[in-house]
Structures are given as structure tokens and as C-alpha cells.
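# Descriptive structure summary
Residues per chain, in single letters:
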Amino acid sequence: MLARFLIWALFLLVVWRALRSLFAGVVQGASRPPVPPAGPPEKGEMMVRDPVCGTFVLPSRAVSARDRNGTHYFCSDRCRHAYQQH
Ligand SMILES: [Zn+2]
């Protein structure tokens, strides 16, 4: 009998806390204007392959070089230099 009561009390406590955190999250979300996430836009950026060593790199962080075939991205200056030696 007591055990059942304790289980119910625990259940209600969990539900109450969940509702409170949900409500707090809504209030916090309403009072704060939506701010775009800071930092480099890593999500959604296409990875490109370093043609020298085969490493995949992010264009925004890679070393780039342009030639008649277009722009190429490299993991390092060393790879770019190697590519330009061709
Ligand atoms: Zn490389």
C-alpha cells in the first residue's frame, strides 16, 4: 500500500518537473529573440576532396588554388604546392 503511494508520488514529481521545465523553456524562448548560431557555418557545408592526398576538407577552412579547371581545395599548403608542381 505504502509502496504504491510512493510510486505515485514519484511519478507525479517527475511529471511536475517535466512540465515545469517545459514551461520554463517556453518562457525563455519567448523572452529571447531568435539568435542565429554563432561560429563557422560547418553544418550543411559540402566537404571537398583534396586531390593530392585525398583528405576531405571544408572549403571555408581549406587552402584553395584556382587553375583552368576551377577552384581546388587542399588540406595544407604542402598539398597545394604539390598539386601546382604537376
Ligand atoms: Zn592534403
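Just so you know, the residues in each chain are numbered from 1, in the order the chain's sequence is written. The predicted origin of the model limits local features to residues at a pLDDT of at least 70 and limits the giving and counting of side-chain atom pairs to 80 or more, whereas totals for whole chains, interfaces and linings rest on all residues. No hydrogens and no water enter the side-chain calculation; it runs on all heavy atoms of the structure.

### Observations concerning the pairing of strand β4 (residues 70–74)
Each pair of strands is called paired provided DSSP finds at least two bridges between the two strands. A run of H or I in DSSP becomes a helix once it reaches four residues, and a run of E becomes a strand once it reaches two; helices and strands are each numbered from the N terminus. Relative to β4, strand β3 (residues 63–67) runs antiparallel, the two sharing 5 bridges. Pairing of Arg66 across the sheet is with Thr71, part of β4.

### As for the coordination of the zinc ion
Each angle at a metal carrying four tetrahedral donors should ideally be 109.5 degrees, and each at a metal carrying six octahedral donors should ideally be 90 or 180 degrees. Coordinating N, O and S atoms are those within 2.8 Å of the metal (3.2 Å for Na, K and Ca), and as water is not part of the atoms, a site may appear to have fewer donors than expected. For the zinc ion, the protein coordination sphere consists of Asp50 (OD), Cys53 (SG), Cys75 (SG) and Cys79 (SG), at 2.0 to 2.3 Å. With 4 donor atoms in place around the zinc ion and angles of 100 to 120° between them, the coordination shape is tetrahedral. Positions of the donor residues of the zinc ion along the chain correspond to the pattern D-x2-C-x21-C-x3-C. You can see Asp50 sitting in the loop between β1 (48–49) and β2 (56–57) and its partner Cys79 sitting in helix α2 (residues 77–84), a full 29 residues away along the chain. When its relative accessible area of 0% is taken as the criterion, Asp50 is described as buried. Geometry is assigned from the angles between donors: four donors with all angles from 85 to 135 degrees make a tetrahedral site, four or six donors whose opposite pairs exceed 155 degrees while the rest stay between 65 and 115 make square planar or octahedral sites respectively, and everything else is labelled irregular. Only protein chains enter the area calculation, which uses a 1.4 Å probe; residues under 20% of their type maximum are buried, those over 50% are exposed, and those in between are partly exposed.

### Description of the side chain of Asp50
It is Arg49 that comes nearest to the buried, bridge-free Asp50 among opposite-charge side chains, at 8.1 Å. Contacts were defined at the residue level, with two residues in contact if any of their heavy atoms lie within 4.5 Å. Apart from residues no more than four positions distant in its own chain, Asp50 is found in contact with Thr55, Tyr73, Phe74, Cys75 and Cys79. Note on charges: Lys and Arg go in the positive column, Asp and Glu in the negative column, and His and the chain ends are not counted at all. By definition here, a salt bridge exists when the distance from a side-chain nitrogen of Lys or Arg to a carboxyl oxygen of Asp or Glu is within 4 Å.

### Observations regarding the pattern of salt bridges
The tally for this structure, following the rule as stated, stands at 1 salt bridge. With a closest N to O distance of 2.7 Å, Asp77 and Arg80 form a salt bridge. Here Asp77 and its partner Arg80 are both found in helix α2, 3 residues apart, which amounts to about one turn of the helix. We classify Asp77 as partly exposed; its relative accessible area is 48%.

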